[in-house]
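Listed below, chain by chain, are the residues.
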Amino acid sequence: MILVNAWVIHRDPKLWEAPEEFRPERFLDTAMVTVTAPLLPFGLGRRRCPGEGMAIRLMGLTLAALLQCFDWDVDQCGAVDMTEGVGLSMPMAKPLAAICRPREFVKSVLSAST
Ligand code: HEM
């Protein structure tokens, strides 16, 4: 069996500028999201994730709906601790405690539909 170490590829400074920094804006450059980019969130080859198309289409919509419909808060200090824990799916070292409250327009939409 051959296992591809995506963790190492995603942190290779020869492939990525400042790989340890969270810089989502690097993907605004469409050259970064071609099939030849060293980015493997959905795996590779014959066992590559079959849900990729669905996930790509739904992620933006889901995130936009969560931001549009709810006000979000994290714990008292207002900052998210991004320290990585240990595990196959790279959990957070300290689980995120977030509070979401429906925005006013969501409450009225929901109460109108009952
Ligand atoms: C952000 C969303 C998702 C990510 C990052 C993701 C990532 C992955 C990865 C890394 C693999 C392993 C690929 C490999 O072995 O090389 C995988 C497998 C798989 N994914 Fe996803 N996935 C996502 C969403 C989905 C969705 C929405 C579905 C189904 C509706 C799905 C269904 C599957 C299935 C069935 C496999 C196993 C494929 C096999 O072993 O042949 N995934 N996914």
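Everything quoted here is computed from the prediction, not taken from an experiment.

### Details of the overall build of the chain
Working step 1: The helix and strand tally for the chain stands at 3 helices and 2 strands.
Working step 2: Starting at the N terminus and ending at the C terminus, the chain contains elements arranged as α-α-β-β-α.
Working step 3: For 114 residues, the compact-globule estimate of 2.2 N^0.38 gives 13 Å, and the chain exceeds it by more than 25% at 18 Å.
Working step 4: Each of the three principal axes of the chain carries a C-alpha extent, and together these read 55 × 35 × 30 Å.
Working step 5: Taken across its 114 residues, the chain has 0% of its residues classed as buried.

### Remarks on unusual backbone geometry
Working step 1: For Ala18, which is not glycine, the phi torsion reads 45° and is therefore positive.
Working step 2: You can see Ala18 is positioned in the loop between helix H1 (6-9) and helix H2 (52-69).

### So, the environment of Gly60
Working step 1: Along the chain, Gly60 turns up in helix H2.
Working step 2: Considered as a pair, Gly60 and Pro102 are 42 residues apart in the sequence and their alpha carbons are 19 Å apart.

### Examining the UniProt feature "binding site: heme" (unreviewed entry) in the chain
Working step 1: The sites that UniProt annotates as "binding site: heme" (unreviewed entry) are Cys49.
Working step 2: Relative to the helices and strands, Cys49 resides in the loop between H1 and H2.
Working step 3: Given 13 C-beta atoms within a 10 Å radius, Cys49 is considered partly exposed.
Working step 4: Leaving out residues up to four positions away in the same chain, Cys49 has contacts with Phe42 and Gly43.

### Description of the confidence of the model for the chain
Working step 1: With 91% of its residues at a pLDDT of at least 70, the chain reaches an overall mean of 86.
Working step 2: Across the chain, the element-wise mean pLDDT spans from 87 in helix H3 (residues 104-112) up to 94 in H2.
Working step 3: At the level of chain-chain contacts, confidence expressed as ipTM amounts to 0.97, with global pTM at 0.78.

### Let's talk about the environment of Val74
Working step 1: Examined against the element boundaries, Val74 turns out to sit in the loop between strand S1 (70-73) and strand S2 (99-102).
Working step 2: For Val74 and Phe42, which are 32 residues apart along the polypeptide, the C-alpha to C-alpha distance reads 29 Å.

### Regarding H2
Working step 1: Here H2 spans 25 Å end to end across 18 residues, near enough to the 26 Å set by a 1.5 Å rise per residue.
Working step 2: Of all the bends in H2, the greatest, near 30°, is centred on Leu58.
Working step 3: The buried fraction of H2 is low, at 0 of 18 residues.

### Side note on the environment of Asp12
Working step 1: For Asp12, the location among the structural elements is in the loop between H1 and H2.
Working step 2: Each C-alpha atom of the pair Asp12 and Ala65 lies 34 Å from the other, and the pair is 53 residues apart in sequence.

Thresholds applied
Residues numbered from 1 in each chain as written. Predicted model: local features only at pLDDT ≥ 70, side-chain atom pairs only at ≥ 80, totals over all residues. Helix = DSSP H or I, 4+ residues; strand = E, 2+ residues; numbered from the N terminus. Rg over C-alpha atoms; globule rule 2.2 N^0.38 Å. Buried ≥ 20, exposed ≤ 12 C-beta atoms within 10 Å, placed from the backbone. UniProt positions renumbered as here; feature names shortened; annotations may be inferred. Contact = placed C-beta atoms within 7 Å. pLDDT = per-residue confidence, 0-100. Expected span 1.5 Å × (residues − 1). Bend = angle between axes of the 7 residues up to and from the residue.

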